[in-house]
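Okay, here's what each chain looks like letter by letter:
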Amino acid sequence: MIDRTIQPPIYETKKPLIIKPVSSQLNNDIPVHFLQAGTQEVTRLEFIFDAGLWYEDKPLQAVLTNAMMQEGSANYSGAQIAEIFDFRGAYIQFVADHHLGTISLISLNKHLHYLLPIVEDLIKRPSFDANEFETLAKRRKQRFLLENEKVKVLCQKKFSEVLFGNDHPYSHTVTVDDFDRLASSDLANFYQRSYHAANCQIMASGNMDVSLLELLNKHFGDLNWGGVKQFQQKRTIQQLQEKQRRVVKNEAIQSAIRVGRLMVKKDHPDYVGLQVLNTVLGGYFSSRLMMNIREEKGYTYGIGSSVMSLNEAGYFVIATETDKKYVEATITEIFLELRKLREELIPEAELSRVCQYLLGEFVRDFDGPFAQAQSFRAVNDFGLGYEFYEQYYQLLKAIKPEDLQLLAQKYFDEDDFYTVIAGA
Amino acid sequence: MVKFYREQLENGLQLIIYPDYSTPMVALDVCYHVGAKNESPERTGFAHLFEHLMFGGTKNIPNYDDALQQAGGENNAYTTNDLTNYYLTVPKENLEIGFWLESDRMLELDFSQEKLDIQKNVVIEEFKQRNLNQPYGDVWPLLRELAYKVHPYQWQTIGKDISHIEDASLQEVKDFFYRFYAPDNAALILSGNVDREECLHLANKWFGSIPNRNVKKAAIPMEPEQANFREMTVERDVPDTALYMAFHMAGRTQREYYICDLISDVLSNGNSSRMYQRLIKEQKLFIELDAYLSGDHDPGLFIVSGKLANGVTIEQAKKAVWIELKSMQQELVPTIELEKVKNKLEANLIYSQMNYLHMAQELANFENIDRAERINEQIDIYRSVASADLLITAQRIFSESNCSQLNYLAKK
């Protein structure tokens, strides 16, 4: 009979195979990164523009300009665009975030030459039809209202406002009236200065066809498709003074809680250590917050923490939803866990478990062509290189409880934390 | 063609091995053939509660997550009306840790009143978070109860009434385990960077000694044919009025299922689909509108659900949906349009093969229906469906008397 109390040996997780992209340029100097990996004949293309909400002069400009590009161009109506992508079983996505506006495409290799002419047209010649815009804005507005019914959304919005102030692109200050204040001409203006070759780079990944560079040059390498590179204005963060905030949402059964503070950016030497510290506290299923507040107390279905890194700022946040009768107790426990990290060394066994877990995650981050491309962008978009990952790997193998306690003392001071509660 | 191997252990455990050497990882997936449909109407939510309890440790391994995380692993689980599925992924070097963990909790759990009480509370908070505190959170319980009078699909996995969870006793929980958690009621799927011989060896080593528990499941009552139109209207504090229509349709093994899937794709898969182009974009009656299958293994539902644009009434919305459904009954879908939805299904199959974990879950799902081999029959069945099939099936299922309609009105 097998002795089940004896655990099979655990082998150290091997460093993943990191595939670096080959970087090239189109004829008009648009940088293209080719990440060749995978076995299926599938390609993912991302057309990335400096067209995020950092560059807006009116709220919603970035998101709606980006979204309107699928609603019609000089040679194709919105319906035709949809029809062609669906017919080829391809997926096209439009996303705008704080800094970037992206159009991404996943397609079987054999269909790319049918699809790129349409991608070219919708990127270079969107029509911004006023009727289409009205329909889109109306639908987005209704969706916005729905999202605003959720306590976690209300909480996150207030939290971003508390951290960044009312006049910062990282603060979610969109109101329902902003949808009515925007005209399709505002989008055309934003489009003109954002979506052109000088603001563009392309990420290609998958088991790509050798002719892809040529194909991209044909559609996007045109020397006449130019413009002036977008200027990234400096914006000042103005944190609010008051450390506790409440958003009232009557009849909410659960309340959402956010506890957090501004923190370092990805290029700071403390960043990787903070990732480990965050994992111990609330970054994985067996984290201290989960063990204490979900598994021991049963106050919540889930609680987690994250270190968020944006180009111009970083922040740290603990997030959960809980019945209103557990709100105070939950917050008390959160601060207790922060204090424990400041005052007590993390036991070796716990730290080893966290580092092993993160090593496994590290391998997952490089598993498959799209994950590899994502990991490239996770450094490249921040002006960092692959040495970031080497340092991370070395740190996972070397970090000591003392190092983490120092970080906790430096960054987990209660007085620096903001608490936002949304609920009844 | 998805190439995989099947083995069977002496205790009845089915073993499915799908090698994919493009990843350094392995997924180990244990699918138990028990879902919310196997619960007693007085004791609902047990399959899902059990999913939580399965992480509470065993006598041999008090902390499931500890060892897994040491091995660089991750795990999770989900419960549906048909099955409970547990999966973990580890770097290939540490595959045996997965076998050790999963076999031990199939053998026996370390039950305690304290652990049960905590997980009951977590599930109750989950219920609040998903059902009570979300706008539209009670739609599915309402619609299920309207559409099913007999079949246990009438309740959700979280349970019909949260008191069933509150009242669950330790003895009931133990009984549930020994009744359903057994090698002869499960399948073990390995996908990713795996070797067939090694998997078979490890499966025998760790799962081979778990006794066959001679699982016998009670027959599930079949839903009788619906005879009359059912309608329910509720008013809630939500931003938009919503309309839900559910039609009974065939089960997962029937050809009609595939035909319904194609009908739903023609109606609403992608921005070029009929309902998106006509009812959202042109007529501006809806801000969201979808047609889809509940995906259940026993005969399930074809659902049309939408949120109405401001100022549109339920009557107008309903009429517009019926025009689209009637058109499916009266006119053949043009060949090129049918080709489009089939192309999309085929492309999706290739995309999904890029993900070893997804493949493990797909194989688990087909094995739960009856046999994993079905995964390779899908495309041929879809390819064999003609426009005339869509027309006949649309005529059969889209009738008022087969429809359950939920009007979910926004309180003004």
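Residues numbered from 1 in each chain as written. Chains lettered and ligands numbered in written order. Predicted model: local features only at pLDDT ≥ 70, side-chain atom pairs only at ≥ 80, totals over all residues.

This brings us to the overall build of chain B. A tally of regular secondary structure across chain B gives 15 helices and eleven strands. In terms of C-alpha radius of gyration, chain B reaches 23 Å, essentially the compact-globule figure of 22 Å for 412 residues. Each principal axis of the C-alpha distribution contributes one length, and for chain B these read about 60 × 50 × 35 Å. Evaluated residue by residue, chain B yields a buried proportion of 50% over its 412 residues. Long-range pairs, those at least 24 residues apart, make up 79% of the contacts in chain B with a sequence separation of at least 6. (Helix = DSSP H or I, 4+ residues; strand = E, 2+ residues; numbered from the N terminus. Rg over C-alpha atoms; globule rule 2.2 N^0.38 Å. Buried ≥ 20, exposed ≤ 12 C-beta atoms within 10 Å, placed from the backbone. Contact = placed C-beta atoms within 7 Å.)

The next point concerns the overall build of chain A. Along chain A, the regular secondary structure elements total 15 helices and eleven strands. A compact globule built from 424 residues should have a C-alpha radius of gyration of about 22 Å, and chain A, at 24 Å, falls within 12% of that. Considered along the principal axes of its C-alpha atoms, chain A spans approximately 65 × 55 × 45 Å. Counting every position in chain A, which comprises 424 residues, the buried fraction comes to 43%. Within chain A, residue pairs in contact and separated by at least 24 positions form 80% of the contacts whose partners lie at least 6 positions apart.

What follows is about the domain arrangement of chain A. Residues and elements named next belong to chain A. The assigned domain composition of chain A is domain 1 (22–220) and domain 2 (244–423). If you average the C-alpha positions of domain 1 and of domain 2, the two centres end up 30 Å apart. Facing 21 residues of domain 1, the contacting portion of domain 2 comprises 28 residues. Contributing elements (two or more residues each) for the side of domain 1 that touches domain 2: strand E2 (31–36), helix H5 (151–164) and strand E6 (200–206). The biggest single contributor to the side of domain 1 that touches domain 2 is H5, with nine residues. (Domains from an automatic or database assignment.)

Now for the sheet that holds strand E7 (residues 230–236) of chain B. All names here are of chain B. Strand order across the open sheet formed by five strands is E7-E11-E8-E10-E9, with mixed pairing between neighbours. Of all the strands in the sheet, the pair left with one neighbour each is E7 and strand E9 (286–293). Between one strand axis and the next, the sheet turns by 10° as a mean value, whatever way the strands run. Of the strand pairs in this sheet, strand E8 (residues 242–248) and strand E11 (residues 403–410) are connected by six bridges, and their pairing is antiparallel. Each residue of the ladder has a partner; that of Ala246, found in E11, is Ser404. (Pairing = 2+ DSSP bridges. Axes fitted to C-alpha atoms, helices over the stretch in contact; angles between N-to-C directions.)

The next point concerns the interface of chain B and chain A. On the chain A side, the residues contacting the 56 residues of chain B number 56 residues. Of the residues contributing to the side of chain B that touches chain A, the split by class is 19 nonpolar, 20 polar and 17 charged. (Nonpolar A, V, L, I, M, F, W, Y, C, P; charged D, E, K, R; others polar.)

Looking now at the sheet that holds strand E3 (residues 25–32) of chain B. Residues and elements named next belong to chain B. The mixed open sheet is built from six strands, whose spatial order is E1-E2-E6-E3-E5-E4. Each end of this open sheet is capped by a strand with a single partner; those strands are strand E1 (5–8) and strand E4 (74–79). Ignoring which end each strand starts from, the neighbouring axes of this sheet average 15° apart. Relative to E4, helix H1 (residues 46–53) is tilted by about 170°, and along the sheet it contacts E4 and strand E5 (84–91).

Residue and element names in this part refer to chain B. Along strand E6 (residues 186–192), seven of the seven residues are buried, which leaves the element largely enclosed by surrounding structure. The sheet contact formed by strand E2 (residues 14–19) and E6 spans six bridges and is parallel. Within E6, the residue paired with Gln14 across the bridge is Ala187. Inspection of the sheet shows E3 paired to E6 by seven bridges, in the antiparallel sense. Opposite Ala27, over in E6, you have Ser191 as the bridge partner.

Bringing helix H7 (residues 170–180) of chain B into the picture now. For an α-helix the count is 3.6 residues per turn, leaving residues at separations of three or four pointing the same way. Residue and element names in this part refer to chain B. The set of residues buried in H7 consists of Val173, Phe176, Phe177 and Phe180. Taken around the axis of H7, the buried residues stretch over an arc of 100°, which confines them to a single face. Across from the buried face of H7, at angles greater than 90 degrees, the exposed residues are Gln171, Asp175 and Tyr178. Packing partners of the buried residues in H7 comprise E3, H1 and helix H4 (113–132). (Arc of directions from axis to C-beta.)

Residues other than glycine seldom take positive phi values, yet Leu60(A) does so here, at roughly 80°. Along the chain, Leu60(A) turns up in the loop between strand E3 (42–49) and helix H1 (61–68). By the C-beta count within 10 Å, which is 24 here, Leu60(A) ends up buried. Here Asn214(B), not a glycine, exhibits a phi torsion of approximately 50°, which is positive. Counting through the fold element by element, Asn214(B) comes out in the loop between helix H8 (196–207) and E7.

Turning to the pairing of strand E10 (residues 301–308) of chain B, a few remarks are in order. For a regular strand, side-chain orientation follows a simple rule: the groups alternate between the two sheet faces. Residue and element names in this part refer to chain B. Where burial is concerned, most of E10 is hidden: seven out of the eight residues are buried. In this sheet, E10 lies alongside E8 in antiparallel orientation, the contact comprising seven bridges. From the neighbouring strand, Leu243 faces E10, where its bridge partner is Gly306. Alignment of E9 against E10, held across seven bridges, turns out to be antiparallel. Counterpart to Glu288 in the pairing with E10 is Lys307.

Before going further, it helps to examine the domain arrangement of chain B. Many analyses report the size of an interface as the accessible area lost when the parts associate. Residues and elements named next belong to chain B. What the domain assignment lists for chain B is domain 1 (5–207) and domain 2 (230–410). Measuring from the centre of the C-alpha atoms in domain 1 to the corresponding centre in domain 2 gives 29 Å. With 31 residues of domain 1 at the contact, the number on the domain 2 side is 24 residues. Mapped onto the side of domain 1 that touches domain 2, the elements with two or more residues apiece are E2, E3, E5, helix H5 (139–147) and E6.

Residue and element names in this part refer to chain B. Following both chains from N to C, one finds helix H9 (residues 255–268) and helix H12 (residues 335–352) inclined at 105°, their axes separated by 10 Å at the closest point. The angle between H9 and H12 places the two elements in the roughly perpendicular class. Across from Leu262, Asp265 and Val266 in H9, the residues of H12 making contact are Glu337, Leu338, Val341 and Lys344. Of the residues in the contact of H9 with H12, the class split is four nonpolar, no polar and three charged. (Parallel < 35°, antiparallel > 145°, perpendicular 65-115°, else oblique.)

Bringing the nonpolar core into the picture now. Core analysis: the biggest nonpolar cluster contains 125 residues, and Ile16(B), Ala186(B), Leu188(B), Ile189(B), Ala360(B) and Leu363(B) have the highest contact counts within it. Setting aside residues up to four positions removed in sequence, Ala186(B) forms contacts with Leu13(B), Val30(B), Cys31(B), Tyr32(B), His33(B) and Met106(B). In this structure, Leu100(A), Ile103(A), Ile118(A) and Phe190(A) belong to the second largest nonpolar core, which totals 56 residues. (Core = buried A, V, L, I, M, F, W, Y, C linked by C-beta atoms within 7 Å.)

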